[in-house]
Amino acid sequence: MNRSRSQAMTAFLPGAAFRHEQRLRGRVQAVDGDVVKKLNEDVIYDEISRYLERWSEDARAALPLPQGRLRQNFVLVSPDLVRFEVFPLVLECVRRSCRRVRTYVKPQQLAADPRCRTCGAQLRQLPYFNAHNCGRVRPMYVPKCRVPAHGYDHIVFENTGSFVTALWRCVGPGCGGAKLQGTSQSPCGCEWKDAAGRAMMRARTFNDTRAYQVHALQLVNIDNSEFRQYQRHPQRGRIAAAHYLNLIDSLAQGLGDASQNVTVTRLSPQEWQQKEQQLRQIHMGEEAIEQLRRVMGPEESGLAALPSTDAANARWELLGADRPFVERAAVFDPAQIQRITLDDQCARFAELQDRLAQQTTERAREQARTLGIAEIAVTWEFPVARVAFGYTREEHEPERGVLTGFHNKYHHDGKYPAYVAASDTEALLVTFSARSVLSFLNAKGLSVGAAEDESAARQRLLELFTDQDDPEAARAAATVHTIIHTLGHLLLRSLDDGQVGLAENTLAEWVVTKALTVAIYADNVREFTLGSLWTLLSNRVLSWLESTADSVLSCENDPLCHQSSPRCCERCVYLTFGCQLFNDDLDRGLAAEFLRHTAASSHT
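Residues numbered from 1 in each chain as written. Predicted model: local features only at pLDDT ≥ 70, side-chain atom pairs only at ≥ 80, totals over all residues. Heavy atoms only, no water.

## Quick look at the sheet that holds strand E11 (residues 155-158)
Here comes step 1: Pairing in this open sheet of 3 strands is antiparallel, and the strands run E11-E12-E13 from one edge to the other. Both edges of this open sheet fall to E11 and strand E13 (178-182), since each of them pairs with a single strand only. With direction set aside, neighbouring strand axes in the sheet form an average angle of 30°.
Here comes step 2: Bridge count for strand E12 (residues 167-170) against E13 is 4 bridges, and the pairing is antiparallel. In the sheet register, Trp168 faces E13, and the bridge partner there is Gln181. (Pairing = 2+ DSSP bridges. Helix = DSSP H or I, 4+ residues; strand = E, 2+ residues; numbered from the N terminus. Axes fitted to C-alpha atoms, helices over the stretch in contact; angles between N-to-C directions.)

## Here's the deal with the pairing of strand E1 (residues 17-20)
Here comes step 1: Where E1 meets strand E2 (residues 24-32), 4 bridges bridge the pair, whose relative direction is antiparallel. Residue pairing in the sheet places His20 in a bridge with Leu24 of E2.
Here comes step 2: Hairpin connection, E1 to E2: the antiparallel pair is bridged by 3 residues, and Arg23 has positive phi, about 55°.

## Considerations on the sheet that holds strand E6 (residues 90-93)
Here comes step 1: Taken in spatial order, the 3 strands make up an open sheet running E7-E6-E8, and their pairing is antiparallel. Each having just a single partner strand, strand E7 (101-103) and strand E8 (123-125) make up the two edges of the open sheet. Across the sheet, the axes of successive neighbouring strands diverge by a mean angle of 35°, strand direction being ignored.
Here comes step 2: Summarising the sheet, E6 and E8 pair through 3 bridges and their orientation is antiparallel. Across the sheet, the residue bridging to Cys93 is Leu123, located in E8.

## Focus: empty space enclosed by the protein
Here comes step 1: All told, the structure shown has 3 cavities of 30 Å³ or more when counted by the stated rule.
Here comes step 2: In this structure, the largest cavity spans a volume of roughly 90 Å³.
Here comes step 3: At the level of elements, helix H2 (41-52), strand E16 (213-220) and helix H4 (225-232) are the ones that each hand at least two residues to the lining of the largest cavity.
Here comes step 4: Tallied by class, residues from the lining of the largest cavity come to 8 nonpolar, 3 polar and no charged.
Here comes step 5: Put simply, the second largest cavity is a space of about 70 Å³.
Here comes step 6: If you go around the second largest cavity, you meet 13 residues; those closest to its centre are Arg386, Ala508, Asp523, Phe577 and Gly578.
Here comes step 7: Looking at the lining of the second largest cavity, the elements with two or more residues in it are helix H1 (5-11) and strand E21 (507-512).
Here comes step 8: With 3 residues, the single largest contributor to the lining of the second largest cavity is H1. (1 Å grid on protein atoms, 1.4 Å probe; cavity = no way out; pocket = protein on both sides within 12 Å on 5 of 7 lines; lining within 4 Å. Points joined across faces, edges and corners; volume = space filled by probe spheres on them. Nonpolar A, V, L, I, M, F, W, Y, C, P; charged D, E, K, R; others polar.)

## A few points about the nonpolar core
Nonpolar side chains in soluble globular proteins tend to be buried together.
Here comes step 1: Counting 103 residues, the largest nonpolar core has Ile376 and Trp544 as the members making the most contacts within it.
Here comes step 2: Not counting chain neighbours up to four residues away, the residues in contact with Ile376 comprise Ile340, Thr341, Leu342, Ala368, Leu428, Leu429, Leu537, Val541, Trp544 and Leu545. (Core = buried A, V, L, I, M, F, W, Y, C linked by side-chain atoms within 4.5 Å. Buried < 20%, exposed > 50% of the residue type's maximum accessible area, 1.4 Å probe, protein only. Contact = heavy atoms within 4.5 Å.)

## Description of the packing of aromatic side chains
Here comes step 1: Applying the stated rule across the entire model yields 20 aromatic pairs.
Here comes step 2: For the pair Phe157 and Trp168, a centre-to-centre distance of 5.0 Å together with 55° between the ring planes defines the contact as tilted. One end of the pair, Phe157, is in strand E11; the other, Trp168, is in strand E12, with 11 residues separating them in the sequence.
Here comes step 3: Given the relative accessible area of 4%, Phe157 is considered buried.
Here comes step 4: Ring centres 6.0 Å apart and planes at 25° place the aromatic pair Tyr391 and Phe406 in the stacked group. With Tyr391 in strand E18 (residues 373-392) and Phe406 in the loop between strand E19 (403-404) and strand E20 (416-432), the pair connects residues that are 15 residues apart, well separated along the chain. Considered together, Tyr391 and Phe406 belong to a single accessibility category, that of buried residues.
Here comes step 5: Aromatic rings pair up to connect Tyr128, Phe157, Phe163 and Trp168 into one cluster.
Here comes step 6: Note that Arg315 overlies the ring of Trp316, its terminal NZ or CZ placed 5.3 Å from the centroid. (Phe/Tyr/Trp six-rings, centres within 6.5 Å; stacked < 30°, edge-to-face > 60°. Lys NZ or Arg CZ within 6 Å of the ring centre and 35° of its normal.)

All we've got here are geometric facts, nothing functional implied.
Shown next, in the form of structure tokens:
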């Protein structure tokens, strides 16, 4: 069975239960592969440590912090070969008139005697198992008949479609299908008890994602000294913000500005306007005012153009701790990664005097504006790495369950593996309009203020995202995140139409909410790119955007999906493998509100 590394990183790492193509179900024991080089290991292990610190030591199993001398006990591995065992070893007879259940202890027993002991028919696995948030997983508990002569020989499973009502029965002579017990919960015996003081395992199907969730990081993997210097720089938050606000063109410029010793705190445009009025009131001459402006007034570009108040400095520090926001500056730096925008394509068609292509591209630009999109670009060299280091079951938030590592003493020389899927692949880079987002927030009754231009709107949104004390700002930030994340999913799913050669389950997202940016990249294992997304930008971007707009409005599961809150499901918004947030924080209804607002605004 062949799977991409993206799928392996989501559903085929140690501890995962899965369905094999050959009508077999199993549980992954270990994953082997080559040791991965040419990655910034310091950044990776620092980020893993920061992530793991949210769990106490008692809430981590086989997963120490990769810090200090312990770091040498970790290894980065490419997931190439999955080793699994048959699981569960609870099978039932395929003959409908029989259906007796048989339990094996070892796979060798199943191989030696794979038939029903009553009728001799074939057996098939029951596709269910029990899981608990301590990390433990077991086959479903099969009860024993109270009649000693029956034991386990005549037990059948009555599948009602719900674990709440499903039953175990005995069909042995004299029992006549007597009820033994239900299936919804069984005791675990661990220390992780619920509010009622019980540790109960829950029955799950193999498709239920609650029973296994991989914890991973997604990083931009640019292998050069300038990017590494930028990642370590104490002013990386200022540099990233200045780049997003178009105050600098490159990381090199930002690092150069940051290396200069700035001794004067300069005023923001608003502060200088007030200061200038005060100076005029005391009748200071124009020449003196201009001299003060050059020393104290706002810079128009560079890091010096950013405010340097205590509140602003705290904001840049918070942004510097947001790795995706920091990485976004590198992705959008032409000196690091080349990209071609939809505007570039329109200008190219005009230069070639290809009037039909130019008109289609201009219509696509107009459609993008109605979707609240400021820029669409494509790159052939999106350097992304996904690093997985553990998993949880049932409860996935810190201290709600155990975060279990992938350690197996018989593999990787006894070291703790972190699995890595890294590639330079093609990607669509979509950045939404800050003015459109700000306008929508005001229309929603979230008083976030207006902005004169796109740069001012971006700065206002950064203030909202980094305001840790204002509940109104937190609500606005959460609203923006849901909109951007949902539209990113819809844009990705709309690519799966058979026209660009990429299916939904071969694509993944990279979301930077604070910069209103989504990257949709081909999550493949090849050393080359297909050029499918370049074809999209050249020929099909209009139909893609129109399809996205249509997908917001309806779902194959309507009216059930339409009536749900939030409005999202596997038939309209969810991604199979490519969501870094495991299909959380999605709402097609909120996205539809945003698009209606932007469409109305674009025509006024």
